[in-house]
Amino acid sequence: SCNLSRSEFCRCFKRITKQTPFDYLMDLRVRKSLRLLSNDGCSVTEAALSSGFSGSSYYTEVFRRYMNCTPREYMKRVGKRQSE
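Please read all numbers here as calculations on a predicted model, not as lab measurements.

1. Quick word on the state of the cysteines
- All chains considered together, the criterion is met by zero disulfides.
- No disulfide involves Cys69; its sulfur sits 15 Å from the nearest other cysteine sulfur, which is in Cys42.

What follows is the structure, encoded as C-alpha cells:
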C-alpha cells in the first residue's frame, strides 16, 4: 500500500526504529503484558494469551529475552514494590 517491497520496508523500519518489525512487535506485546502481570489474579498464561502469544512457554522465552527475568520473577518484584 505504500509502494515499498517487503525487504525495503524492513530496511526502512530498522533504520528508523533500530529494530526489525518482528522485534518491535514482540517488544510491544511484552510491554503490554507488564500491565496484566501487575494486576492481582492474572496468571502468566492469561497474560500471554491476552498479549497475543499462543502459549505460556514461548511467552516466557520471549519475556526473558526482553526483560532479563521470567514473568513470575517480574510479578514477585512488582508485588513487593506495591506492598511497600
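Here the narrative resumes, following the displayed structure.
2. Brief notes about unusual backbone geometry
- Although it is not a glycine, Lys18 sits at a positive phi angle of roughly 65°.
- One can find Lys18 in the loop between helix 1 (6-17) and helix 2 (21-38).
- Unusually for a residue other than glycine, Asn68 sits at a positive phi of about 60°.
- The residue Asn68 is located in the loop between helix 4 (56-67) and helix 5 (71-83) in this model.

Calculation notes
- Residues numbered from 1 in each chain as written.
- Predicted model: local features only at pLDDT ≥ 70, side-chain atom pairs only at ≥ 80, totals over all residues.
- Heavy atoms only, no water.
- Disulfide = S-S within 2.5 Å.
- Helix = DSSP H or I, 4+ residues; strand = E, 2+ residues; numbered from the N terminus.

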